[in-house]
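# Analysis of the macromolecular model
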Amino acid sequence: MSRSRLEPTPEGIETAADCILDGGVIVAPSDTNLALTLDPWNEAAIERAFRIKNREPTDPLTLFIRDPADWRQWATADNDTAIDALVDAFWPGPLNIILEKTDAVPDRVVAGGETVALGCLGNPAWRDLSAAVDQPLCMTSANLTGQADGQLVDLDLAIEQVGDRVDYILDGEAQGTTQSSTIVDLTGPTPAILRHGDITATDLDAAVDDLTFES
């Protein structure tokens, strides 16, 4: 499939959104990596994204929402106050939060599991795209599996590794971050940091009075 670049203009955003809603897979900017971006309710698109990455289609994907306050639609937590504190402090931004899912989350997104990873991004092009599709999006870094360890996927790398496998590439770059998103898991007895990014354990601890995050 031929590569087609889109500028993040209203027309480009509309083309990208229509493609996603029609079951396509595009590359779009985030706050960190450029990422394969698709409709969470389209299982064929999810399977295709895994094929694009040369990755076994057994892992869950992250669900990205536009309005931070909407997390309650997709997840539940015993300590809503703590989640709200994290959301207020870091969303939109490079923090993914794993919580118990609600029934609203498509089963394929969580690979049949009971938890969901949620994110909310501040990238202007992504926020325009999210508004245009008017629903959450799934994203996974736009690289071949194992081919970008320890580095952010920028536009050149995305084009090189997956550019000829996607429908469109929506131009844009990360928002000044130096690492992939921090991932925290709040489903266990102790809050855990599963991946360290620019948002540190110190940052997390300072944002939430009654939680201490462990690596």
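Residues numbered from 1 in each chain as written. Predicted model: local features only at pLDDT ≥ 70, side-chain atom pairs only at ≥ 80, totals over all residues. Heavy atoms only, no water.

### Overview of the overall build of the protein chain
We apply this condition: Each helix is a run of H or I in the DSSP string that is no shorter than four residues. Each strand is a run of E no shorter than two, and both are numbered from the N terminus. Remark: exposure states derive from per-residue accessible area (1.4 Å probe, protein chains only) relative to the maximum for the residue type, with buried under 20%, exposed over 50%, and partly exposed in between. Contacts were defined at the residue level, with two residues in contact if any of their heavy atoms lie within 4.5 Å.
Of the regular secondary structure elements, the protein chain holds seven helices and 11 strands. On the principal axes, the C-alpha backbone points of the protein chain span a range of 50 × 35 × 35 Å. Taking all 215 residues of the protein chain together, 52% fall into the buried category. Looking at the protein chain alone, contacts between residues at least 24 apart form 65% of all its contacts between residues at least 6 apart.

### What to know about a negative patch on the surface
Worth spelling out the cut-off: Distance thresholds for patches are 9 Å for like charges and 5 Å for nonpolar side chains (Val, Leu, Ile, Met, Phe, Trp, Tyr), applied to residues having over 30% relative accessible area and no salt bridge. Exposure was quantified through the Shrake-Rupley algorithm and a 1.4 Å probe, taking into account, for residues, occlusion by the shown protein chains and nothing else. The term salt bridge refers to a pairing of a side-chain nitrogen on Lys or Arg with a carboxyl oxygen on Asp or Glu at a separation within 4 Å. Only four residue types enter the tally: Lys and Arg on the positive side, Asp and Glu on the negative side; His and the chain ends are excluded. To locate a charge, the coordinates of NZ of Lys, CZ of Arg, CG of Asp or CD of Glu are taken.
Taken together, Glu-11, Glu-14, Asp-18 and Asp-22 make up a surface patch of like negative charges. On the secondary structure map, Glu-14 appears in helix H1 (residues 10-21).

### What to know about helix H2 (residues 43-53)
Test applied: Between N or O atoms, a polar contact is any pair within 3.5 Å; within protein, one atom must be a potential hydrogen donor and the other a potential acceptor, and residues adjacent in sequence are included only when both atoms are from side chains.
Three or more residues of H2 are buried, namely Ala-45, Ile-46, Arg-48, Ala-49, Phe-50, Ile-52 and Lys-53. For H2, the elements touching its buried residues are strand E3 (35-38), strand E8 (137-141) and helix H6 (155-162). Near the N-terminus of H2, the side chain that reaches the backbone nitrogen of Ala-44, with its oxygen 3.1 Å away, is that of Asn-42. Looking one or two residues beyond H2, the residue adopting positive phi is Asn-54, at roughly 55°.

### Examining the packing of aromatic side chains
What describes a pair of aromatic rings is the distance from one ring centre to the other and the angle between the planes of the rings. For clarity, the threshold we go by: To pair, rings of Phe, Tyr and Trp, with the six-membered ring standing in for Trp, must have centres within 6.5 Å; the planes then decide the type, stacked if under 30 degrees apart, edge-to-face if over 60, and tilted in the middle.
Counting across every chain of the model gives two aromatic pairs. Both rings, one in Phe-64 and one in Trp-126, keep their centres 6.4 Å apart while their planes meet at 70°; by these two values the pair is edge-to-face. Remark: Trp-126 occurs in helix H5 (residues 124-133) and Phe-64 occurs in strand E4 (residues 62-64); sequence separation between them is 62 residues. Each of the two residues, Phe-64 as well as Trp-126, counts as buried.

### Quick look at the environment of Val-25
Its location among the elements puts Val-25 in the loop between H1 and strand E2 (26-28). In contact with Val-25, not counting residues within four places along its chain, are Cys-19, Leu-36, Thr-37, Leu-38, Ala-45, Arg-48, Ala-49, Ile-52, Val-166, Asp-167 and Tyr-168.

### Section: the state of the cysteines
Cysteine pairs can be linked by a disulfide, which is a covalent bond between their two sulfur atoms. Threshold: Disulfide: a pair of cysteine sulfur atoms within 2.5 Å of each other.
Throughout the structure, instances matching the rule amount to zero disulfides. Here Cys-19 is not cross-linked by a disulfide; its sulfur's nearest cysteine counterpart is in Cys-138, at 15 Å. The class of Cys-19 is buried, set by a relative accessible area of 12%. The closest cysteine sulfur to the non-disulfide-bonded Cys-120 is located on Cys-138, 15 Å from its own sulfur.

### Description of the environment of Ala-111
Locating Ala-111 in the fold gives a position in the loop between strand E6 (93-101) and strand E7 (115-120). For Ala-111 and Leu-204, which are 93 residues apart along the polypeptide, the C-alpha to C-alpha distance reads 28 Å. In this structure, Ala-111 is in contact with Thr-58, Asp-59 and Pro-60, ignoring residues within four places of it in sequence.

### Overview of unusual backbone geometry
Keep in mind that most residues, glycine aside, have a negative phi and that most peptide bonds are trans. Here Trp-91 and Pro-92 are connected by a cis peptide whose omega angle stands at -5°. The residue Pro-92 is located in the loop between helix H4 (80-90) and E6 in this model. Unlike most non-glycine residues, Asn-54 shows phi in positive territory, near 55°. Within the secondary structure, Asn-54 sits in the loop between H2 and E4. The phi dihedral of Ala-111 falls on the positive side, at around 55°, and the residue is not glycine.

### Overview of the packing of H1 against H5
The following threshold applies: Axes, fitted as lines to C-alpha atoms, cover a helix only where it is in contact. Angles between the N-to-C directions of the axes lie from 0 to 180 degrees. Each angle gets one of four labels, with under 35 degrees taken as roughly parallel, over 145 as roughly antiparallel, 65 to 115 as roughly perpendicular, and the rest as oblique. Two helices crossing with the near one rotated counterclockwise from the far one by less than a right angle form a left-handed crossing, whereas a clockwise rotation gives a right-handed crossing. Three classes are used, and their members are as follows: Ala, Val, Leu, Ile, Met, Phe, Trp, Tyr, Cys and Pro are nonpolar, Asp, Glu, Lys and Arg are charged, and the others, Gly among them, are polar.
For the pair H1 and H5, interaxial distance at closest approach is 9 Å and the crossing angle is 55°. With respect to H5, the element H1 is oriented oblique. Of the two elements, H1 crosses H5, and the hand of that crossing is right-handed. Facing H1, whose interface residues are Ile-13, Ala-16, Ala-17, Ile-20 and Leu-21, H5 presents Ala-125, Asp-128, Leu-129, Ala-132 and Val-133. Residue composition of the contact of H1 with H5, grouped by class: nine nonpolar, no polar and one charged.

Spatial relationships are all this shows, so hold off on functional conclusions.
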